[in-house]
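Here's the letter readout for the chains.
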Amino acid sequence: MTNTRTLIRLIKYLGLLQVFLLSVIVILTYFTRTSPIPHNSGLGRSRIRWKKPTLAVSDILKRHQDNAFPKNCNDGHCSLPTEKLQLKKKRRPLKAMSKAELRQTLDDNVAGVLSFPPLSKTSQEKSPFVILTATNSNFSSIMDNWLESIRRLRVRYNVTLMSEDDETFSYFSKRSNSEFKVLSTSALTLPGRLHFRIPTYQQLIRKRTVYIFALLSSGRDVLLADIDAVWKKDPMHLIFDEYEKHDMWIAQGKEDHFPCPCFFYMKSIPRVIDLVVEWVQLVAFSNKTLTDQNALALLLESPSLNVDVKYLSYEQFPLGSQYFNQSWHEKYANGVYVVHGNHLGRGSGKIEMFKNHNLWYLDRNS
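Every value quoted in this text rests on a predicted model; they were computed, and no experiment measured them. (Residues numbered from 1 in each chain as written. Predicted model: local features only at pLDDT ≥ 70, side-chain atom pairs only at ≥ 80, totals over all residues. Heavy atoms only, no water.)

Novice: Explain the overall build of the chain here, please?
Specialist: Across its full length, the chain holds 12 helices and 14 strands. Looking at the chain residue by residue over its 366 residues, the buried ones come to 43%. For the chain, restricting intrachain contacts to residue pairs at least 6 apart in sequence, the fraction spanning at least 24 positions comes to 67%. (Helix = DSSP H or I, 4+ residues; strand = E, 2+ residues; numbered from the N terminus. Buried < 20%, exposed > 50% of the residue type's maximum accessible area, 1.4 Å probe, protein only. Contact = heavy atoms within 4.5 Å.)

Novice: Can you help me understand a nonpolar patch on the surface in this one?
Specialist: A cluster of nonpolar side chains, contributed by Leu10, Leu14, Leu17, Phe20, Leu21, Val24 and Leu28, occupies part of the molecular surface with about 660 Å² of accessible area. Mapped onto the secondary structure, Leu17 falls in helix H1 (residues 2–33). (Patch = residues over 30% accessible without salt bridge, like charges linked within 9 Å, V, L, I, M, F, W, Y side chains within 5 Å. Areas by Shrake-Rupley, 256 points an atom, 1.4 Å probe, with all protein chains shown as cover. Salt bridge = Lys/Arg side-chain N within 4 Å of Asp/Glu carboxyl O.)

Novice: I would appreciate a short explanation of the pattern of salt bridges in the present structure.
Specialist: Scanning all chains against the criterion turns up nine salt bridges. The partner of Lys350 in a salt bridge is Asp228, and the shortest N-O contact between them spans 3.0 Å. On the criterion of sequence distance, the pair formed by Lys350 in helix H12 (residues 347–356) and Asp228 in the loop between strand E9 (221–225) and strand E10 (229–231) is long-range, its members being 122 residues apart. On the accessibility criterion, Lys350 (10% relative accessible area) is buried. Classification of Asp228 by relative accessible area gives buried; the value is 7%. Here the salt bridges share partners, and the residues they tie into one network are Glu148, Arg151 and Arg152.

Novice: What exactly am I supposed to notice about the packing of helix H8 (residues 270–285) against helix H9 (residues 292–300) here?
Specialist: Relative placement of two packed helices is described by the angle separating their axes and the distance separating the axes. At a minimum axis distance of 9 Å, the contact between H8 and H9 shows a crossing angle of 130°. Classified by the angle their axes make, H8 and H9 are oblique. Read as a crossing pair, H8 and H9 show a hand that is right-handed. Counting all contacts with H8, which are made through Leu275, Glu278, Trp279, Leu282 and Val283, the residues of H9 involved are Asp292, Ala295, Leu296, Leu298, Leu299 and Leu300. (Axes fitted to C-alpha atoms, helices over the stretch in contact; angles between N-to-C directions. Parallel < 35°, antiparallel > 145°, perpendicular 65-115°, else oblique. Left-handed = near helix turned anticlockwise from the far one by under 90°.)

Novice: Before we go on, may I ask you to explain the sheet that holds strand E12 (residues 259–266) in this structure?
Specialist: Each strand in a sheet pairs with its neighbour through backbone hydrogen bonds, running either in the same direction (parallel) or in the opposite one (antiparallel). Overall, mixed pairing links the seven strands, which are arranged E8-E7-E6-E9-E12-E11-E13 in an open sheet. The open sheet terminates on both sides in strands that have one partner only, identified here as strand E8 (180–184) and strand E13 (309–311). Averaged over neighbouring strand pairs, the angle between their axes works out to 25° when direction is ignored. One ladder, built from four bridges, connects strand E6 (residues 129–135) with E9; its direction is parallel. Looking at E9, one finds that Phe129 is bridged to Asp221. (Pairing = 2+ DSSP bridges.)

Novice: What am I meant to see in the packing of helix H4 (residues 140–151) against helix H5 (residues 166–173) here?
Specialist: Across the interface, H4 lies against H5 with an axial gap of 11 Å and an inter-helix angle of 30°. Of the possible angle classes, the one that applies to H4 and H5 is roughly parallel. Like other packed secondary-structure pairs, H4 and H5 cross with a definite hand, here right-handed. Across from Ser140, Met143, Asp144 and Leu147 in H4, the residues of H5 making contact are Thr168, Tyr171 and Phe172. A per-class count over the contact of H4 with H5 returns four nonpolar, two polar and one charged. (Nonpolar A, V, L, I, M, F, W, Y, C, P; charged D, E, K, R; others polar.)

Novice: I tried to follow the nonpolar core on my own but got confused; where do I start?
Specialist: What tends to happen in soluble globular proteins is that the nonpolar side chains get buried as a cluster. Ranked by internal contacts, the top residues of the largest apolar core, which has 46 residues, are Ile131, Trp146, Trp231 and Phe263. Considering every element that reaches this core, the biggest residue donor is H4, with five residues. Excluding residues that lie within four positions of it along the chain, Phe263 makes contacts with Leu223, Leu224, Trp231, Pro235, Ile239, Trp249, Ile250, Ala251, Leu312, Phe317 and Val338. In terms of nonpolar packing, the next biggest core, distinct from the first, is built from 34 residues, Phe213, Leu215, Leu224 and Met248 among them. (Core = buried A, V, L, I, M, F, W, Y, C linked by side-chain atoms within 4.5 Å.)

Novice: Is there a simple way to think about the pairing of E9 in this case?
Specialist: Regular strands place side chains that alternate from one sheet face to the opposite one. Burial analysis of E9 places five of its five residues in the buried class, the great majority of the element. Taking every second residue as pointing to the same face, both faces of E9 are buried, with Asp221, Leu223 and Ala225 on one and Val222 and Leu224 on the other. Of the strand pairs in this sheet, E9 and E12 are connected by four bridges, and their pairing is antiparallel. By the bridge assignment, Leu224 is partnered in E12 with Phe264.

Novice: Help me understand the side chain of Ser218, please; the structure alone is not making it clear to me.
Specialist: By the secondary structure assignment, Ser218 is in the loop between helix H6 (201–217) and E9. Classification of Ser218 by relative accessible area gives buried; the value is 7%. Among the polar contacts made by the side chain of Ser218, one reaches the side chain of Arg220 at a distance of 2.9 Å. (Polar contact = N/O pair within 3.5 Å; in protein donor to acceptor, adjacent residues only side chain to side chain.)

Remember, this is a structural readout, not a statement about activity or role.
Below, the structure is given as structure tokens:
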């Protein structure tokens, strides 16, 4: 019995010793990874991570009249661990623009890179329209397939492509003509977060709001179209047959009356242009980064909205997840005008799905 009690006590002591040693290790690790602020720094007893600052050689030489080159220099820069502390810089918050300032910035683009010959029309005339889209080199083959789907319908519409990189501009500008205009976006003045050079799909489509404004301001109606789509029928008569009834026509997204700018027709009239300016303002300066869809949905839900919107039916403009669903396809496929490849994953997934359903009109190996 005595031996058992002794063994239990020994185990307890060993456990306490283990806890003590772990505590010592943690404390030593903390103090060795941080460095105290000098007492004369005015920062009290706070601690920060230490980073070795660097100074250019010319700055070092100014501080050493004898021109003695410091020993710890490498490739023209010298490490001075005792020279100063570098505090981590915080990203500056976005500087908001008033609506008037934003309008001026957008107008500057219209007068420069995005200049289009102005059009004049009477109030009874329909504006000429332009199909607007944008892409970068990652989606060139999908863009080609979309263009081919329109060509097969034997219709001739004006298309303006905003190329988001030099490779895309070089590739498509070779085919530019009076009906197919290819523009580079590299010299544009973009407001707020739209100016960030982020090569993501969401950033690409957010920037389209600026291009829409330029075309509408020139007196042209705009049909914003996604390129990850296939036109099975010419959809334009759906708009022109009731042109006088509405200001905008838009396909629906993941929910009823949730806008999908994959097919979005806008009249060139002041109240629509004002709405687009507010759209740009939201995607460029909102505290929370918004997609173009979410920003547009917020505007269209506003009680102060003075624009008449016609939402196009899913039966004519389905989601990709609807069209490629067998039961939905069997019931509605014959009435579809535009097949959108959304909700199908990345570009390779879209292409594979188009190929499997005979909607890929290019070389199947492309």
